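# Inside the fold
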Amino acid sequence: MTPRSTERGTYHHGDLRQAVLTAALDVIAADGPGALSLRDLARRAGVSHAAPAHHFGDRTGLLTAIAAEGFGLLADALAGGASLADRGRRYVRFAADHPAHFQVMFAPALLRADDPDLTAARERAGAELRAGVTVPAGRDARATGIAAWSLAHGFATLYLTHNVDDAVGALPPEEYFASLTGFLTDDRETGTDGPTD
């Protein structure tokens, strides 16, 4: 069956899937993933009410596709980072540029965990995150990676939920975050003095 071209010029141009994803990202950015309705997305994208279900199956399938796209974008953003601190800055910039993706990517209860596209994209992003971690002698590599991820992810979450607006001010969030990475050099066990209040 040939797609109709009468539905506000969207159905016929061959980018229906992306049109629905874009509409979904707009809804999530404004009202969160709980506000998603496939019927409403079809109306927003100007397509048949059955089109989103045809491409994504259901709401979980749509959110899973958004998360997979987000992890792919995150992997691209992290690639080539010169250091752990640089990758942290790139992570924060990604969150600021893609807040709707970021909300969905780390909400496993909303996603189809065994989806192959999601699994592949998540693994690629994870590999890029780990590539920036240099592990000091005697430290656990996994724990070091989680500590670095926690700092970037925690700050990005605080930024997106407007909990650090006063602190960040007019600075780009990744620049303010870069100033925080200096706190990681504070090693009391070796007697090195770190930043103080």
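Reading the values: the criteria
Residues numbered from 1 in each chain as written. Predicted model: local features only at pLDDT ≥ 70, side-chain atom pairs only at ≥ 80, totals over all residues. Heavy atoms only, no water. Helix = DSSP H or I, 4+ residues; strand = E, 2+ residues; numbered from the N terminus. Contact = heavy atoms within 4.5 Å. Areas by Shrake-Rupley, 256 points an atom, 1.4 Å probe, with all protein chains shown as cover. Core = buried A, V, L, I, M, F, W, Y, C linked by side-chain atoms within 4.5 Å. Buried < 20%, exposed > 50% of the residue type's maximum accessible area, 1.4 Å probe, protein only. Arc of directions from axis to C-beta. Polar contact = N/O pair within 3.5 Å; in protein donor to acceptor, adjacent residues only side chain to side chain. Axes fitted to C-alpha atoms, helices over the stretch in contact; angles between N-to-C directions. Parallel < 35°, antiparallel > 145°, perpendicular 65-115°, else oblique. Left-handed = near helix turned anticlockwise from the far one by under 90°. Nonpolar A, V, L, I, M, F, W, Y, C, P; charged D, E, K, R; others polar. pLDDT = per-residue confidence, 0-100.

## Some words on the overall build of the chain
Of regular secondary structure, the chain possesses ten helices and zero strands. When the helices and strands of the chain are placed in sequence order, the string is α-α-α-α-α-α-α-α-α-α. Of the contacts formed within the chain by residues at least 6 apart in sequence, a portion of 64% connects residues at least 24 apart. Accessible surface, the chain as shown: approximately 11,000 Å² in total, 53% of it carbon and sulfur.

## Some remarks on the nonpolar core
Membership of the largest hydrophobic core comes to 45 residues, with the highest contact counts inside it found for Val-20, Leu-36, Leu-41, Leu-62, Ile-66 and Leu-74. Those elements that provide at least two residues to this core are α1 (16-31), α2 (38-45), α3 (51-56), α4 (59-78), α5 (84-97), α6 (99-105), α7 (116-131) and α8 (141-160). Of the residues forming this core, the biggest block, ten residues, is contributed by α4. Ignoring anything within four residues of it in the chain, the contact list for Leu-36 reads Ala-24, Val-27, Ile-28, Leu-41, Arg-59, Leu-62 and Leu-63.

## Regarding helix α10 (residues 173-180)
The set of residues buried in α10 consists of Pro-173, Glu-174 and Phe-177. Along α10, the residues classed as buried sweep out an arc of 90° about the axis, all on the same side. Tucked into the core, α10 has its buried residues touching α5, α8 and α9 (165-168).

## Focus on the environment of Asp-140
Positionally, Asp-140 belongs in the loop between α7 and α8. A polar contact of 3.1 Å, which involves the side chain of Asp-140, links it to the backbone nitrogen of Arg-142. Looking at Asp-140, its side chain comes within polar contact range of the main-chain nitrogen of Ala-143, at 2.6 Å.

## Regarding the packing of α5 against α8
Think of two packed helices as two axes; the pair is described by the angle between the axes and how far apart they sit. Running from amino to carboxyl end, α5 crosses α8 at an angle of 30°, the nearest separation of the two axes being 9 Å. Looking at the two axes, α5 sits roughly parallel to α8. Remark: the crossing between α5 and α8 carries right-handed chirality. Packed against α5, whose contacting residues are Leu-84, Gly-88, Tyr-91, Val-92, Ala-95 and Ala-96, the element α8 presents Ala-148, Trp-149, Ala-152, His-153, Phe-155, Ala-156, Tyr-159 and Leu-160 at the interface. Here the contact of α5 with α8 is composed, by residue class, of twelve nonpolar, two polar and no charged.

## Considerations on the confidence of the model for the chain
Of the residues in the chain, 86% reach a pLDDT of 70 or more, and the chain-wide mean stands at 85. Confidence drops under pLDDT 50 across residues 1-13; counting only partners more than four residues distant or on other chains, this segment forms 19 contacts. Every residue in residues 185-197 is under pLDDT 50, and counting partners more than four places away or in other chains gives eleven contacts.

## Some words on the packing of α8 against α10
Two elements in contact, α8 and α10, have axes separated by 11 Å at closest approach and are oriented at 135°. Relative to α10, the element α8 lies oblique. Taken as a pair, α8 and α10 cross one another with a handedness that is right-handed. For the pair α8 and α10, contact is made by Leu-151, Ala-152, Phe-155 and Tyr-159 and by Pro-173, Tyr-176, Phe-177 and Leu-180, respectively. A breakdown of the residues in the contact of α8 with α10 according to their chemical character gives eight nonpolar, no polar and no charged.

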